[in-house]
Amino acid sequence: MAEFSAAVYQNEFLPDGGTDVNAIVTVTCQGAGTAGQSGAGSAGEIIIVDTSGSMGPATMAAAKEGAQAALAEIVDGTYFAVIAGADRAMLAYPQVSNGPGMVQMDARTRHDASTAIDRFVGSGGTAISTWLDLAGQLFSSVSAVTQRHVLLLTDGENRERPGRLDDAINRATGYYQADCRGAGTDWQVAEIRRIAQALLGTVDIIPSPAEMKAQFQEIMRNAMARGVADASLRVWTPQGAEVLFVRQVSPTVEDLTNRRTPVNPLTGDYPTGAWSDESRDYHVAVRVPAKAIGQEQLAARVQLALGSDVVAQGLVKATWSNNSELTTRIDQQVAHYTGQAELAQVIQEGLAAKAAGDDATATTKLGRAVQLAAETGNDEATSKLRKVVEVDNEETGTVRLKRAVEKADEMALDTASTKTTRIRKEPTS
Amino acid sequence: MNCPSCSAALAPGARFCENCGAQLGASAGAPAPVVVGAGDHPLGDAPISAPTRKPAAALPDPPAPAGRRPCAECGGEVGPDLYCLECGTKAPSERDHFQEQPAPWVAGVCDKAIRKGRNEDAMALLAGAEPGSRAVLIVMDGVSNSIDSDVASLAGARAAREVLRMPLPAGMGTPQSRDAAVRKVLTDAAAAANTAIVAVTDPDSPNPASATFTAAVLEGRRITWANIGDSRSYWLPDAGTPVQLTVDDSVAQAQIAAGVAREVAETGPQAHAITKWLGRDSEDQKPTVGSLDVAESGWLLACSDGLWNYASEPDALAAQVRAAGTADPLALALALVAFANASGGHDNITAALARVEVTGPVTALGHNDHSTTTRGGEPSDG
């Protein structure tokens, strides 16, 4: 049985008249087990492989091998299906035209699915909305499946009337999760990130076909380790308070603020998807009415809820003090993740400006990114930034845009922008 | 052992959870009552009359609070994590804020105060069911620079309450004999408090717990009081002249006696230095005892300096009682605590009240004239 715990890192002391409370809440899950094995319902996995005409022979071969490797990671008994995606979505396996669109994994179905994947041929365009919709239909055709996960690989830009993809994302949001990968450099990071963020998954670039197999294996292994099918971050705030934002900040930055589902007038749920044995950090910012010096109050109860059961709780407090030594301290964790969230933002804005030809803005934003990456000890971001800009001075964030930049390096910087690093934790209370 | 409220690990013998402040089981929390053995009987060898020993005359303890009180701020329900489920206000632990109401006409509130870290005041009350029959108000103020004075003051107050559970003795019938017997009982009550404080003090404590002591007993129309330190008892008649019954054992009081104005003395640097206290390093545990017969309706108040700091003169306190405008002793105690918190709340606040209702015919001497009340006992222990 999975066990959750929550720890809060904050400076609870507010100056006279202070209203804004920031806290990092670390939620840890242990003993998650394996997807679909808790007895509460079955797990379902759908692998979507782009089979549009843009897929070159090497990429297609690697994608087939990757998808087959992913099949090997799916635990026997798990419901699964394979979709070939082009200007429309085709159910490659199981080959049925009505009834349940997924079958349970065993040696025979694994072999048959592999054979179906072997027959993939690239042709046609890219209409990702149809892929997402078919996945949703397949999941809903097997009522036993309660934990739904998609692995999506594409290599090109979506070629659909604007709005179609967003509508399909909306239909899938809250129904299934999706980890997305882009092969090569002809796909749009922002587009695929939109899918992954809405569907509580990851996004990354697979620059060379050689890396495909390992990436697929890892994604599927992680998916299978998620023994807790679904959970919500439940945030209670007192009467008269305002939630400024709720953000996942580790392992990646994901703004959840607008994804609140009200539980009651003071409480809302934010989606977190499935859990494996892992630890995630959330940054919760709440504005409360100021109280008198010496008063203490609760600014938020941050809980992890499985359905209606609250399985962990962290208390975010506010205490008004006239001791400036107490009130001016910024919690190390809060400072760190505030910097990391800004880092993600300035990388994305900088690259967007660069793509739009606005070199001045790009230089400023990416300079700030270099500075933040150094300050917060994000070595991965630092090394990826150095492939895009020449760094004159890390401390001041003085940089120049490199003249010749590999497209893949730029995309890798973009996809990794939301990845954060952690710092050692010392409880504040 | 883990906290039943937040699951945090608990130190052995802990009375409160260090993590969430939840009060732990009564067995862990209640100080052991000090049993007065036959050898040191509360009435000692003073002559006693048989009726005072009737067990039926012993007053019962106030009822335990029923569940968690609603939030003091908004009236909302308080969650298991001890914060209000509506407004998030931290509910005080039972030690930081408690109320006792042994009978509808007697109640007290003992509160940490907004500017203070913990509640070192203590209170223990008793009352007969019939209004005006018999009430015991004990207030103790743990000295804040001594160790564990919060534990000590509560143990002391409850030990003294045991001694005062039975009606005061009537002596052999003469006023002198009665006064001597009463003084003996109140002295024994202070001694029991002292014994309890010493019993909970770590023998190795470099700074042993100490506390003030004030007890006010109402029996019919007679108030009897005893005092050590600077907690006080007041008689606050509805219409007549209010009086401070106790005389502080403090530097400020000594200065007042030497002619310094009260306001100057009570705000000076030594204002809160007391010259007598209970505890292991106490040199004199004999209280000052006195009594007063009242002839009109009003309030008997026992309080700590957390209240009188903001209304020291009897008239000022009486004004606060009038401003509260309530005949309910618990509502009045809460109002006085709120007044002290609103005035600064720099020290723990205790206010214990008994309502005296005189409905009989007004005596020929008149009920507004303070001179009609008779003072008995001794003004000091000299």
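On a predicted model such as this, the values are computed, not experimentally measured, just so you know. (Residues numbered from 1 in each chain as written. Chains lettered and ligands numbered in written order. Predicted model: local features only at pLDDT ≥ 70, side-chain atom pairs only at ≥ 80, totals over all residues. Heavy atoms only, no water.)

Q: Help me understand the sheet that holds strand β9 (residues 243-244) of chain B in this model?
A: As a general point, the strands of a sheet are linked pairwise by backbone hydrogen bonds and lie either parallel or antiparallel. All names here are of chain B. An order of β1-β2-β13-β12-β8-β9 is seen for the 6 strands of this open sheet, with the pairing classed as antiparallel. The open sheet has two free edges, formed respectively by β1 (97-103) and β9, since each of these has just one partner strand. Where β1 lies against strand β2 (residues 106-111), 5 bridges are found, and the strand directions are antiparallel. Counted as the bridge partner of glutamate 100 is glycine 108 from β2. Contacts from helix α7 (residues 314-324) reach β8 (232-237), β9 and β12 (298-303), with the element oriented near 60° to β8. (Pairing = 2+ DSSP bridges. Helix = DSSP H or I, 4+ residues; strand = E, 2+ residues; numbered from the N terminus. Contact = heavy atoms within 4.5 Å. Axes fitted to C-alpha atoms, helices over the stretch in contact; angles between N-to-C directions.)

Q: Looking at this structure, I do not really get the pairing of strand β9 (residues 177-183) of chain A. What am I missing?
A: Two faces belong to every sheet, and in a regular strand the side chains alternate between them. Residues and elements named next belong to chain A. With 7 of 7 residues buried, β9 lies mostly within the body of the structure. With burial as the criterion, each face of β9 is covered, one bearing Gln177, Asp179, Arg181 and Ala183 and the other bearing Ala178, Cys180 and Gly182. As judged from the 6 bridges shared by strand β8 (residues 145-154) and β9, these two strands associate in the parallel manner. Across the sheet, histidine 149 pairs through a bridge with glutamine 177, a residue of β9. Note that the unit made of β8, helix α4 (residues 164-172) and β9 has a crossover that is right-handed. In terms of strand pairing, β9 meets strand β10 (residues 203-206) through 4 bridges, oriented parallel. Bridging from a neighbouring strand, cysteine 180 pairs with valine 203 of β10. (Buried < 20%, exposed > 50% of the residue type's maximum accessible area, 1.4 Å probe, protein only. Right-handed = clockwise from strand over helix to strand, strands pointing away.)

Q: Is there a simple way to explain the nonpolar core in this structure?
A: Side chains of a nonpolar character, in soluble globular proteins, are inclined to be buried together. All names here are of chain B. Of all hydrophobic cores here, the largest spans 60 residues; its most connected members are Leu137, Ile138, Met140, Leu164 and Phe213. No other element matches helix α3 (residues 175-200), which puts 9 residues into this core. Filtering out sequence-adjacent residues up to four positions away, leucine 137 remains in contact with Val106, Ala124, Leu125, Thr214, Ala215, Ala216, Leu300, Ala302, Ala352, Leu353 and Ala354. (Core = buried A, V, L, I, M, F, W, Y, C linked by side-chain atoms within 4.5 Å.)

Q: I tried to follow the packing of aromatic side chains on my own but got confused; where do I start?
A: Within a pair of aromatic rings, the relevant descriptors are the distance that separates the centres and the angle that separates the planes. Under the definition given, this model contains 4 aromatic pairs over all chains. Ring plane angle 80° and centroid distance 5.4 Å describe the contact between phenylalanine 4 of chain A and tryptophan 275 of chain A, whose orientation is recorded as edge-to-face. Here phenylalanine 4 of chain A, found in strand β1 (residues 3-10), pairs with tryptophan 275 of chain A, found in strand β15 (residues 267-275); they are 271 residues apart in sequence, far enough to count as distant. Of the two residues, phenylalanine 4 of chain A and tryptophan 275 of chain A, both sit in the buried class. Taking the centre distance of 6.4 Å and the plane angle of 65° together, the rings of tyrosine 175 of chain A and tyrosine 176 of chain A count as edge-to-face. According to the relative accessible area criterion, tyrosine 176 of chain A is buried, its value standing at 3%. Between the NZ or CZ atom of arginine 301 of chain A and the centre of the ring of tryptophan 236 of chain A, over which it lies, the distance is 4.5 Å. In this arrangement the basic side chain of arginine 232 of chain B is found over the ring face of tryptophan 308 of chain B, its NZ or CZ atom lying 3.5 Å from the centre. (Phe/Tyr/Trp six-rings, centres within 6.5 Å; stacked < 30°, edge-to-face > 60°. Lys NZ or Arg CZ within 6 Å of the ring centre and 35° of its normal.)

Q: How should the confidence of the model for chain B be read in this particular structure?
A: Low pLDDT means the predicted coordinates in that region are not meant to be read closely. All names here are of chain B. Model confidence for chain B is summarised by a mean pLDDT of 83, while 79% of its residues fall at 70 or above. Looking at the elements of chain B, mean pLDDT is at its lowest for helix α1 (residues 26-29), recorded as 38, and at its highest for β12, recorded as 98. Here residues 25-54 scores under 50 on pLDDT; set against residues more than four positions off or in separate chains, the count is 42 contacts. Taken over the whole predicted complex, pTM reads 0.74, whereas the ipTM for its chain interfaces reads 0.80. (pLDDT = per-residue confidence, 0-100.)

Q: What's the story with the interface of chain B and chain A in this structure? I'm lost.
A: How big an interface is tends to be stated in terms of accessible area lost as the parts join. Each partner contributes residues to the interface: chain B has 14 residues there, and chain A has 15 residues. Between chain B and chain A, roughly 1,100 Å² of surface is buried when both sides are summed, and carbon and sulfur atoms account for 40% of that area. Across the contact surface, chain B and chain A share 2 salt bridges. A salt bridge links aspartate 81 of chain B to arginine 301 of chain A, with the nearest nitrogen and oxygen atoms 2.5 Å apart. Viewed at the interface, chain A and chain B are joined by 10 residue pairs in polar contact (both at pLDDT 80 or more). Broken down by class, the residue content of the side of chain B that touches chain A amounts to 5 nonpolar, 4 polar and 5 charged. (Buried area = accessible area lost by both parts, 1.4 Å probe. Salt bridge = Lys/Arg side-chain N within 4 Å of Asp/Glu carboxyl O. Polar contact = N/O pair within 3.5 Å; in protein donor to acceptor, adjacent residues only side chain to side chain. Nonpolar A, V, L, I, M, F, W, Y, C, P; charged D, E, K, R; others polar.)

Q: Can you help me understand the domain arrangement of chain A in this one?
A: All names here are of chain A. Domain annotation of chain A identifies domain 1 (3-32 + 230-329), domain 2 (42-224) and domain 3 (334-418). For domain 1 and domain 3, the distance between their C-alpha centroids amounts to 29 Å. Each partner contributes residues to the interface: domain 1 has 12 residues there, and domain 3 has 7 residues. Between domain 1 and domain 3, roughly 730 Å² of surface is buried when both sides are summed, and carbon and sulfur atoms account for 67% of that area. Of all residues in domain 1, Ile24, Val249 and Val253 bury the most surface against domain 3, accounting for 51% of the area lost on that side. At the boundary of domain 1 with domain 3, the tally comes to 0 salt bridges. Where domain 1 packs against domain 3, one counts 2 residue pairs in polar contact (both at pLDDT 80 or more). Listing elements by their share of the side of domain 1 that touches domain 3, those giving two or more residues are β3 (20-30), β12 (242-250) and β16 (278-287). Residues of the side of domain 1 that touches domain 3, tallied by class, amount to 6 nonpolar, 4 polar and 2 charged. (Domains from an automatic or database assignment.)

Q: Explanation requested: the sheet that holds strand β11 (residues 228-236) of chain A in the structure shown.
A: Residues and elements named next belong to chain A. With mixed pairing, the 6 strands of this open sheet are ordered in space as β2-β18-β17-β11-β15-β14. The sheet is open, and its two edges are formed by β2 (13-14) and β14 (261-264), each paired on a single side. Where β14 meets β15, 3 bridges bridge the pair, whose relative direction is antiparallel. Its bridge partner being in β15, proline 262 is matched across the sheet by glycine 268.

Q: How do you make sense of the environment of glutamine 313 of chain A when you look at a structure like this?
A: Mapped onto the elements, glutamine 313 of chain A comes out in strand β18 (residues 309-320). C-alpha separation for the pair glutamine 313 of chain A and leucine 233 of chain A, spaced 80 residues apart in sequence, amounts to 9.8 Å. Leave out the neighbours within four places in its chain, and glutamine 313 of chain A touches Ala6, Arg301, Val302 and Gln303 of chain A together with Asp81 of chain B. A polar side-chain atom of glutamine 313 of chain A sits 2.5 Å from a polar atom in the side chain of glutamine 303 of chain A.

Q: Help me out: how do you make sense of helix α1 (residues 57-73) of chain A in this one?
A: Within an α-helix, residues lying three or four positions from one another point in the same direction, as the helix has 3.6 residues per turn. Residue and element names in this part refer to chain A. Spanning 17 residues, α1 covers 25 Å between terminal C-alpha atoms, matching the ideal 24 Å at 1.5 Å per step. Along α1, the positions that sit buried rather than exposed are Thr59, Met60, Ala62, Ala63, Lys64, Gly66, Ala67, Ala69, Ala70 and Leu71. As for α1, its buried residues are in contact with β4 (42-50), β5 (79-85), α2 (107-118), β8, β9 and α6 (212-224). (Expected span 1.5 Å × (residues − 1).)

Q: I tried to follow unusual backbone geometry on my own but got confused; where do I start?
A: Excluding glycine, residues mostly carry a negative phi; peptide bonds, for their part, are mostly trans. Following tyrosine 93 of chain A, the chain continues into proline 94 of chain A via a peptide bond in cis, with omega recorded as -5°. You can see proline 94 of chain A is positioned in the loop between β6 (89-93) and β7 (103-104). Residue proline 251 of chain A is bonded to the preceding serine 250 of chain A through a cis peptide linkage, with omega at 10°. Its location among the elements puts proline 251 of chain A in the loop between β12 and β13 (254-255). Despite not being glycine, leucine 82 of chain B shows a phi value in the positive range, around 70°. Relative to the helices and strands, leucine 82 of chain B is located in the loop between α1 and β1. With relative accessibility at 8%, the residue leucine 82 of chain B sits in the buried group. Positive phi, normally seen in glycine, also occurs at aspartate 148 of chain B, with a value near 60°. Residue placement: aspartate 148 of chain B occurs in the loop between β4 (134-141) and α2 (149-163).

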